[in-house]
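Residue-level structure breakdown
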Amino acid sequence: MTLDPIHQFNINNIFTIGHIGRHTVAFTNSSVYMLITVAVICLLAVRGMKGRQLVPGRFQSAAELSYVFVATMIRSTAGEDGMKFFALVYCIFMFILVANLISIIPYTFTVTSHIIVTASFALLVFFTVLIYGLYKNGLKFFRIFVPSGVPMYILPLVVAIEIISFLSRPLSHSVRLFANMLAGHITLKVFAGFVAMLGTSLGTIGWIGGMVPLALTVALTALELLVAFLQAYVFAILTCIYLNDALHAGH
């Protein structure tokens, strides 16, 4: 079980909340780490805003940097009108980032390695774009399926491709984050397992031979730190791009 790279993704029930039909509603280890993630974000926000100073401290600097980073990302992709969705993009970005960073700590749980979590965020973005786009633009929202300057003889094919691309957004949006976190943590577990397996089976020689997979594990951990940020950024920037379609349909 220790060397099983898949075991780290198991969802375990901590206590049962109730039942809906034949389905059990339980508080799980995934729920625990979601609450921890939210608590860390709230701590950063509260400590960052408490006793604001001209020369910011660590918490205030982190809070201000996260605000400026997300605000700049929204303005550069969706324009100033996109700032009305700042709270949505900020919460998504910070939740994914903090959850990814927590999951790098040994013996923790990777919330974003489960497709149900990433798909929930992706569907939230998809329906936000669809509903707000129709609310703001009416039927003109469907202009996003008709690119300008396309010759009439291939327009039906292009429109069909655009519709399929739009409907597949939740799938690609969610699978990208889920697959990267899943693959990265499995790779880390495999290389870390090699170190333990060589050491326990071959003794001193094994521990010496395990220095290579140990070095790779350290390097992969550093890479996972980068991936943790990049995946949060990619998810957020795609959210901004999709929101731009709702804000400026047909442009």
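Analysis parameters
Residues numbered from 1 in each chain as written. Predicted model: local features only at pLDDT ≥ 70, side-chain atom pairs only at ≥ 80, totals over all residues. Heavy atoms only, no water. Helix = DSSP H or I, 4+ residues; strand = E, 2+ residues; numbered from the N terminus. Buried < 20%, exposed > 50% of the residue type's maximum accessible area, 1.4 Å probe, protein only. Contact = heavy atoms within 4.5 Å. Areas by Shrake-Rupley, 256 points an atom, 1.4 Å probe, with all protein chains shown as cover. Pairing = 2+ DSSP bridges. Phe/Tyr/Trp six-rings, centres within 6.5 Å; stacked < 30°, edge-to-face > 60°. Axes fitted to C-alpha atoms, helices over the stretch in contact; angles between N-to-C directions. Left-handed = near helix turned anticlockwise from the far one by under 90°. Nonpolar A, V, L, I, M, F, W, Y, C, P; charged D, E, K, R; others polar. Patch = residues over 30% accessible without salt bridge, like charges linked within 9 Å, V, L, I, M, F, W, Y side chains within 5 Å. Salt bridge = Lys/Arg side-chain N within 4 Å of Asp/Glu carboxyl O. Parallel < 35°, antiparallel > 145°, perpendicular 65-115°, else oblique. 1 Å grid on protein atoms, 1.4 Å probe; cavity = no way out; pocket = protein on both sides within 12 Å on 5 of 7 lines; lining within 4 Å. Points joined across faces, edges and corners; volume = space filled by probe spheres on them.

**Things to note about the overall build of the protein chain**
If you tally the helices and strands in the protein chain, you get seven helices and two strands. Across the protein chain, helices and strands are ordered from the amino to the carboxyl terminus as β-β-α-α-α-α-α-α-α. Out of the 251 residues belonging to the protein chain, those deemed buried represent 38%. Here the contacts in the protein chain between residues at least 6 apart in sequence split such that 67% fall between residues at least 24 apart. A total of about 14,600 Å² of accessible surface is found on the protein chain, and carbon and sulfur atoms cover 72% of it.

**Some thoughts on the pairing of strand β1 (residues 13-20)**
Of all eight residues making up β1, only zero are buried, and the element is barely covered by its neighbours. The turn linking β1 back onto strand β2 (residues 23-28) is made up of two residues, and Gly21 within it adopts a positive phi angle of 65°.

**Observations concerning the packing of aromatic side chains**
One pass over the full model with this rule turns up 19 aromatic pairs. Taken together through their ring pairs, the aromatic side chains of Phe126, Phe127, Phe141, Phe142, Phe145 and Phe166 make up a single cluster.

**Some points on the packing of helix α1 (residues 29-49) against helix α3 (residues 86-104)**
Remark: α1 packs on α3, axes separated minimally by 9 Å, with the N-to-C direction vectors making an angle of 115°. Seen along the crossing, α1 lies across α3 with a hand that is right-handed. Seen from α1, the contacting residues are Tyr33, Met34, Ile36, Thr37, Val38, Val40, Ile41 and Leu44; seen from α3, they are Met94, Phe95, Val98, Ala99 and Ile102. Of the residues contributing to the contact of α1 with α3, the split by class is 12 nonpolar, one polar and no charged.

**Some remarks on a nonpolar patch on the surface**
Together, Phe69, Leu223, Leu226, Phe229, Leu230 and Tyr233 line one region of the surface with nonpolar side chains, adding up to about 480 Å² of accessible area. When residues of the nonpolar patch are assigned to their parent elements, the largest contribution, five residues, is made by helix α7 (residues 211-247). Relative to the elements of secondary structure, Leu230 occurs in helix α7.

**Considerations on the packing of helix α2 (residues 58-78) against α3**
Interaxial distance between α2 and α3 falls to 10 Å at its minimum, and their mutual angle equals 120°. Taken together, the axes of α2 and α3 are oblique relative to one another. In terms of crossing hand, the pair formed by α2 and α3 is right-handed. Counted together, Ser66, Tyr67, Phe69, Val70, Ala71, Met73 and Ile74 of α2 and Phe86, Val89, Tyr90, Phe93 and Met94 of α3 form the full contact between these two elements. In the contact of α2 with α3, the residues fall into 11 nonpolar, one polar and no charged.

**A word on the pattern of salt bridges**
As enumerated under the stated definition, the model contains two salt bridges in all. The salt bridge involving Glu80 is made with Arg75; its shortest N-O contact spans 3.1 Å.

**Let's talk about empty space enclosed by the protein**
Inspection of every chain in the model, using the stated rule, returns one cavity of 30 Å³ or more. Empty space within the largest cavity amounts to approximately 50 Å³. At the level of elements, α4 (115-137) and α6 (169-209) are the ones that each hand at least two residues to the lining of the largest cavity. Looking at the lining of the largest cavity, its residues break down into seven nonpolar, one polar and one charged.

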